[in-house]
Structures are given as C-alpha cells and as structure tokens.
Amino acid sequence: MTLFVISYLAGVLTILSPCILPILPFVFSRADQPFIRSSLPMLIGMALTFASVASLAAIGGSWAVQVNEVGRDAALALLALFGVALVSQRAAAIFTRPIVALGQRLSASDEAGARSVGGSLLLGVATGLLWAPCAGPILGLVLTGAALHGASSETALLLAAYAAGAATSLALALRAGGQVLAALKRSLGVGERVRQGVGVAVLASVLAIGFGLDTGFLTRLSFAGTVGIEQRLLDALGPRRAEAGQPRTAENASQPYRSNLPDYGAAPGLDGATGWLNADPLGAEQLRGKVVLVNFWTYSCINCIRTLPYVRAWAEKYRDQGLVVVGVHTPEFAFEKKVENVRQAIARFGIVHPVAVDNDFRIWRAFRNSYWPALYFVDAQGHIRHSQFGEGGEARSERVIQDLLAEAAGRREAQAELVTPLAPGAQAPADLGNIRSGEGYLGYLKAAGFASPEGVAGDRPQNYSVRKLRLNQWGLTGNWTIAGESAGLGRAGGGIAYRFSARDLHLVLGPGPGGKPVRFKVAIDGAAPGADHGADVDAEGNGTVSETRLHQLVRQTGDVRERLFEIHFLDPGVEAYAFTFG
C-alpha cells in the first residue's frame, strides 16, 4: 500500500516537472468548460491510456512497440487537427465535412452546445498516448520492477496510481485556470482571441512532441526538478530491505561513539550467490564485526562503470580500518550471466575486492533492490544504515563509511580527506549539464525512437534503411534480426545511425555467437571522429568488437552539440544491445 501512495504522490509532483509542458495546452484547452462533462472525462482518458501504454511498454514485445508508435502518430494528427480547428472557425467548418467531423466535435464552443463526454474522453486518450513524463526514481522503480519480474496486476495498478496523481494536480490547475479564462471571455471581443491563442499553443505542443523535445531537452531540465523530491519520498516512505521497520537511531551502550545514522534493520545475507570471484564465499561468520559496503552492479551499465572508481578507492583506503567491499554482479542482459565475461570485466576494471555472482537475482530480491548501481552500507552489527541509488552522492557515501568505521572502533577521530580517484575512459564522470539523450535499447522489448521506415520485424531477418533522423532517433542499415534484447547483423556492411546530443556516446556490443572479432568504422556527421573519438576507436574511427561489453565510441572535446553518429560493420555477426550517454 505504501508504494501505491508514493506512486500517487510522484504523479502529483509531475505538475512541477518540465516534461508536463507539452501536454498542458491540450489540457487547458478545456479549462473554460464544465468540469464534469469536459475536463474530468479528458483527465480520466489520459490517465487510463498512459497507464495502459506504460504497462505494455514495460512487459510487451515488438508488437507493443509498433502499436505505441502508430498510436502516437495518430494522436499527433488528431491533436494537430484540434489545434487548427481552434485557431480557425473556417477550418473547423471544413473539417466537419465528410471525413473528420471529430475535429469540430472536440473544438466546438459553448455557444454551439455542451461538449460531449465522448469527445472529451477521446481527447484524453490522444493526450495519454503522447505524454512522456520525466522518469524520476519512483517511476523508474515501478518500470524496472516490471522489466525484471514480468507482467503483474501490481505494475498496472502502480502506473494507474501515478497517472491518477498527475490527473489530480492537473484537475486542480484546471479549476484555477478555468476561472481566469472565464473572466477573459467576459471581456468584450477577447473570447475568440483566447480560443485562437490556445489553438496556437496546441499546435506548438504538437510540433514540440513531433520533434522529440518532450523526451530530450525537457528531460534534461528535469534533473533539477522533481527528482530530488521523489528520492526524499522514497527515503521517507519507500520499501526497505527485509526485516526493516521504521528508521530508528542505533543504540549500543558499549560503544563510546555512536553514529546518528538511522538503522534500517538487519541486512540480508549473501547466501544466494551462484558463484564468487576474487574470494571464497563470504557469510555472516566472515563478515562479523566488519563494516560492509554492498555494491549492486552489472558490467555493461554505464552508471555502474562511472561509480567503480570510487568503490575501488574506498576498498583500498579503508581496508585496514575494517571495511569490506562486496560487489554483487546482477545481470541485466543474458551475456552478463556468463561468468567468464564477468571475470574479464573484473580484470579490465581493476577490481580486486570480492564479487558475488547473482545470476538468479536471489541477493537482489533479498535486499528488495531495484537499481543499478545501488550501494548499501552495513554496520559492524550487520544492520543497514544507509543506501545510495544511482550515480552521485560520493562525498556523502564516503562520510558514511568513515562514520560507521568510527562507530565500530568506538572513537571518532578527525575526518580524513575524501578520495579523488582516477577515472579513465568511460569511467569518467558524466557531463550532466550537456546530456540531451537518454539510454536507448536496440532489442524490441525496450526499444524506443526506432526510425527505420521498415519498422521492427521481431525475431526474423529484415533489410533496413535509414532516412533523415531527428534528435534521439536511431535506425539500422543492412540485414539485421531484432530480438528481444539485441539486434544481430546478418551480413557484412550493415550499420547503425543515431542522432544524439551528449559529450560521450557508448554502445554495448558483442561479437555474436561465433565469437569472431568484428571490425567497424565510426563516423560523426559523415566524417572521421578525429579528436572526438572515444576510448575504443582511433581518430580515423576504426575499432574492433572482440568481447561483449560497453564500448566508448565518442567523446566530444569541444562544445557539445547535436551530432549524427554512424557505425558501419565490416564483418557480420555483431550483436548490439544498448546506447548510453555521458
């Protein structure tokens, strides 16, 4: 029940998020109409449609991707018609003739009669198809849970609660906005101007959504918006690990120094590991009296990779003071379940601390975790005292380690300096101020932004092509088979194109079932990358895929701007999984 309340409150907070801006003109176009017959059905339609589409996106296959794309295109066309009808009465009259009487029905004025509940509901459905909320920690928790654990009624209900929260805040805004519009329309000659102004705003929103601003620029603005508030909601009300109750101050009268960190209860054990690397299995006996940092990660996750320099540095600096760092490698993709791949990644990243292989997600579920990366800080008594989800918070995390070590030692000394680890290549911190592109998957289960005109042909070979791409769109060229998790190249000469805006571009690539290395060549805006090449290519754009991992292909050295990335493969067999940016 608590998670439903949190989801609802997160939905309420969307009114403060920049990503709500593109749909506000659609909503406020009804602000001067009767709430019960006009605004309420529209909000219900929006909430139900968003919850349905988001549920399908989380658990569906290639057909869900295709249905969602078709639905968005139809909704854009319908709302563009709606906007034109608001701007021009003559256009509205034309639209009532043979084919699209629907446009006039949606835009008819009070003088022509009350708006129908059906028209309002349909407008809400169209709005719900286009709404792309900025995914904060709470929505991310819901969608990640669905992707990991499969379809469930709980996922649909949580998404419905989120949408209901958004509809609630929009309803309150509508009631206030309706009074303002009514006052304006009572002024002589202003009513028609207000109607036309709303129509212009509707058309502007259609263009913004059509060009991807709702999932690009506005998503970047959201980093400074409601994410912090959502994280505090999760910290205060969210689900905790097994045996955790309400936060309480730790008490241990035998120790002169006691930390004021809250106590979230006993930490689960690590018995669910399917294997161990760099150490023999660690249980309660081996960890008794130690401060333990548990790091959930997976080796192709860029957020995890950028956290590793700090985790390594803490393990080395505080090892002699009683800190034990345990990495829990929980796979996102099937290839990450191969222990040899994990072993190679550990060597590549210079990890020497113990790593539990959690291929069955048993440790993940025991901690009730939902994030990559996730850090859990366990005191010498075996209790969880702090957690950090996602990148960031390194200074706070290190202070927590120092505090727990002081508590274990029974004395508080002067605070030590914080680590400043070396972070080469993809491990360098992200340039968050210039990211306008988000993580994108090539497998049809999570694919978004696919723009090849042939559409997704799931699980069978298909020849693809690429036309002009907009920001955050991508496409394939050549013969590919798009599977649930990845896209595989059938013949040499194929490629991938992606229009992005970020300092760094990474792509998770593997040589395919045969394991034979695959040569490739990268171009940026049609030319060799030069100084903007990533760590895994040279200045001419040449590189080789010899193992399945994240490859850094672009690092812009000058001003970060929108670029067209292209990669062409000189050999067949490559498997492409996901784009990430930094």
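Residues numbered from 1 in each chain as written. Predicted model: local features only at pLDDT ≥ 70, side-chain atom pairs only at ≥ 80, totals over all residues. Heavy atoms only, no water.

Colleague: Can you help me understand the overall build of the chain in this one?
Modeller: In terms of helices and strands, the chain carries 17 helices and 19 strands. Here the chain holds 582 residues, and 52% of them are scored as buried. Long-range pairs, those at least 24 residues apart, make up 75% of the contacts in the chain with a sequence separation of at least 6. A total of about 24,800 Å² of accessible surface is found on the chain, and carbon and sulfur atoms cover 57% of it. (Helix = DSSP H or I, 4+ residues; strand = E, 2+ residues; numbered from the N terminus. Buried < 20%, exposed > 50% of the residue type's maximum accessible area, 1.4 Å probe, protein only. Contact = heavy atoms within 4.5 Å. Areas by Shrake-Rupley, 256 points an atom, 1.4 Å probe, with all protein chains shown as cover.)

Colleague: Whenever I open this one, the side chain of Asp358 confuses me. Can you help?
Modeller: Along the chain, Asp358 falls in the loop between strand 6 (355-357) and helix 16 (362-366). Although Asp358 lies buried, it forms no salt bridge, and the closest oppositely charged side chain, Arg362, sits 6.8 Å away as judged by the N-O distance. Separated by 3.1 Å, the side chains of Asp358 and Thr330 make a polar contact. Polar contacts involving the side chain of Asp358 include one to the main-chain amide nitrogen of Arg362, which spans 3.0 Å. (Lys, Arg positive; Asp, Glu negative; His and termini not counted. Salt bridge = Lys/Arg side-chain N within 4 Å of Asp/Glu carboxyl O. Polar contact = N/O pair within 3.5 Å; in protein donor to acceptor, adjacent residues only side chain to side chain.)

Colleague: What is the right way to look at helix 14 (residues 302-318) in this model?
Modeller: Helical geometry note: an α-helix holds 3.6 residues per turn, so side chains three or four residues apart project in the same direction. Its 17 residues give helix 14 an end-to-end C-alpha distance of 25 Å, which sits within 8% of 24 Å, the value for a rise of 1.5 Å per residue. Its axis deflected by about 35 degrees at Leu308, helix 14 carries its strongest bend there, up to four residues before the proline Pro309. Across the 17 residues that make up helix 14, a large majority, 13, are buried. (Expected span 1.5 Å × (residues − 1). Bend = angle between axes of the 7 residues up to and from the residue.)

Colleague: Would you mind showing me how to read the pairing of strand 17 (residues 549-555) here?
Modeller: Remember that side chains alternate between the two faces of the sheet whenever the strand is regular. Taken across its seven residues, strand 17 has six buried, putting it largely inside the fold. Note: strand 14 (residues 504-510) against strand 17, six bridges, orientation antiparallel. Of the residues in strand 17, the one forming a bridge with Leu509 is Arg549. (Pairing = 2+ DSSP bridges.)

Colleague: What am I meant to see in the sheet that holds strand 6 here?
Modeller: Within a sheet, neighbouring strands are paired by backbone hydrogen bonds and run either parallel or antiparallel to one another. Spatially, the six strands line up as an open sheet ordered 3-6-5-4-7-8, and their pairing is mixed. Single-partner strands in this sheet number two, and they are strand 3 (275-277) and strand 8 (384-389). Ignoring strand direction, the axes of neighbouring strands in this sheet form an average angle of 20 degrees. Strand direction decides the pairing type here: strand 5 (residues 323-329) and strand 6, joined by three bridges, are parallel. (Axes fitted to C-alpha atoms, helices over the stretch in contact; angles between N-to-C directions.)

Colleague: Sorry, what's going on with unusual backbone geometry here?
Modeller: Note: most peptide bonds trans; most residues except glycine with negative phi. Going from Trp372 to Pro373, the amide bond is cis rather than trans, its omega being -15 degrees. Positive phi, close to 55 degrees, is recorded for Arg368, a residue that is not glycine. Look at Asn472: it is not a glycine, yet its phi comes out positive at around 70 degrees.

Colleague: I would appreciate a short explanation of the pattern of salt bridges in the present structure.
Modeller: Once the charged atoms of two side chains with opposite charge are near each other, the side chains can pair. Under the criterion given, the structure shown has 17 salt bridges. Of the charged contacts, one joins Glu285 and Arg288 as a salt bridge, the two residues approaching to 2.6 Å between their closest N and O atoms. By the burial criterion, Glu285 is exposed, and Arg288 matches it. Of the charged contacts, one joins Glu547 and Arg348 as a salt bridge, the two residues approaching to 3.1 Å between their closest N and O atoms. Pair noted here: Glu547 is in the loop between strand 16 (542-545) and strand 17 and Arg348 is in helix 15 (residues 339-348), with a separation of 199 residues, a long-range link.

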